[in-house]
Amino acid sequence: MSRFYWVRHGPTHAKSMVGWSDLPADLSDTAQIARLSAHLPEDALVISSDLIRARATADAITGRRTRLPDDPDLREIHFGDWELQVFDKVADQDHLRAFWEQPGDIAPPGGESWHQVSNRVSASAARLLAAHPGRDIIAVAHFGAILTQVQQALSLSAYDAFAHRIENLSVTELHWQGDRWRARTINHLP
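Please read these numbers as outputs of a predicted model, since none were measured by experiment.

Rules of the game
- Residues numbered from 1 in each chain as written.
- Predicted model: local features only at pLDDT ≥ 70, side-chain atom pairs only at ≥ 80, totals over all residues.
- Heavy atoms only, no water.
- Salt bridge = Lys/Arg side-chain N within 4 Å of Asp/Glu carboxyl O.
- Helix = DSSP H or I, 4+ residues; strand = E, 2+ residues; numbered from the N terminus.
- Buried < 20%, exposed > 50% of the residue type's maximum accessible area, 1.4 Å probe, protein only.
- Phe/Tyr/Trp six-rings, centres within 6.5 Å; stacked < 30°, edge-to-face > 60°.

### Some remarks on the pattern of salt bridges
For side chains of opposite charge, pairing can occur when their charged atoms come near one another.
Thought 1: According to the stated counting rule, one finds 10 salt bridges in the structure shown.
Thought 2: Arg97 serves as the salt-bridge partner of Asp94, at 2.6 Å between the closest nitrogen and oxygen. Residue Asp94 and its partner Arg97 are both found in helix α3 (residues 93-101); the two are separated by three residues, about one turn of the helix.
Thought 3: On the basis of relative accessibility, which here comes to 38%, the residue Arg97 falls in the partly exposed class.
Thought 4: Here the residues in one salt-bridge network are Arg55, Asp59, Arg67 and Asp70, joined through shared partners.

### Side note on the packing of aromatic side chains
Thought 1: Considering all chains together, one arrives at 11 aromatic pairs under this definition.
Thought 2: Residues Phe4 and Trp181 carry aromatic rings whose centres are separated by 5.1 Å and whose planes lie at 80° to one another, so their mutual orientation is edge-to-face. Taken together, the residues Phe4 in strand β1 (residues 2-8) and Trp181 in strand β6 (residues 181-188) connect sequence positions 177 residues apart.
Thought 3: Accessibility expressed as a relative area gives 0% for Phe4, which makes it buried.
Thought 4: Given a relative accessible area of 7%, Trp181 falls into the buried group.
Thought 5: The interplanar angle of 65° and the centroid separation of 5.3 Å between the aromatic rings of Trp100 and Phe162 together place this pair among those described as edge-to-face. Taken together, the residues Trp100 in helix α3 and Phe162 in the loop between α6 (158-161) and β5 (171-176) connect sequence positions 62 residues apart.
Thought 6: These aromatic residues form a ring-pair network of at least three members: Phe79, Trp82, Phe87, Phe99, Trp100, Trp114, Phe143 and Phe162.

Structure below.
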C-alpha cells in the first residue's frame, strides 16, 4: 500500500483566482509548520508543484526527508484569462458560474477544464506510484489539484468534490490499495 499525504501550500492572502501565477506563501506561522511537519511520516518522499508557494511550503516541511524534483503537473487549475481576477469582476458571469457549477469540460478562456486538471494531476500521482511503489509520499500542491484526487478516492462527481474544504497547510491522506484510492482524512489541520 502507498500513502499519499496531500498538503495544501501556505496561504497567499490573495482574494482572487490564483492558478498559475507565482505568488509566494506566507509561512510565518512557524508553530503550525512545525505541527504539520511532525504529523507527516519521517521517511516519506516530498514532492511539490513548481510554483513558489508550493515549493517553499515543501522546503519548510522537508527536514531530513528526501526531496524529489518539483512537478509542474501538480499545479493549480490554469484559470487563463480569469487569472488573478475577483469572481464578481469576471465579465462573463454565466461562463464563470458554469465552470464552477458544472465542472467537467468547461474551461476558462485560455485556461483548462476540470477534466484536464484531473487528468494532469492523476498522471503525476500514477508516475509517483510507479516510480516509488509502497512508499509514503508527501505531495505539496493546490486546492484544485488535491480535490481532483479526493474526487477519485470518494468516487464523487466533480461538483460534489467542490463541497470539500481544503485549507492552507491541511493534510488530505489518501491510500492506494492496489486497485483504487481510499480516503483516510480530508482537510486535517495538525
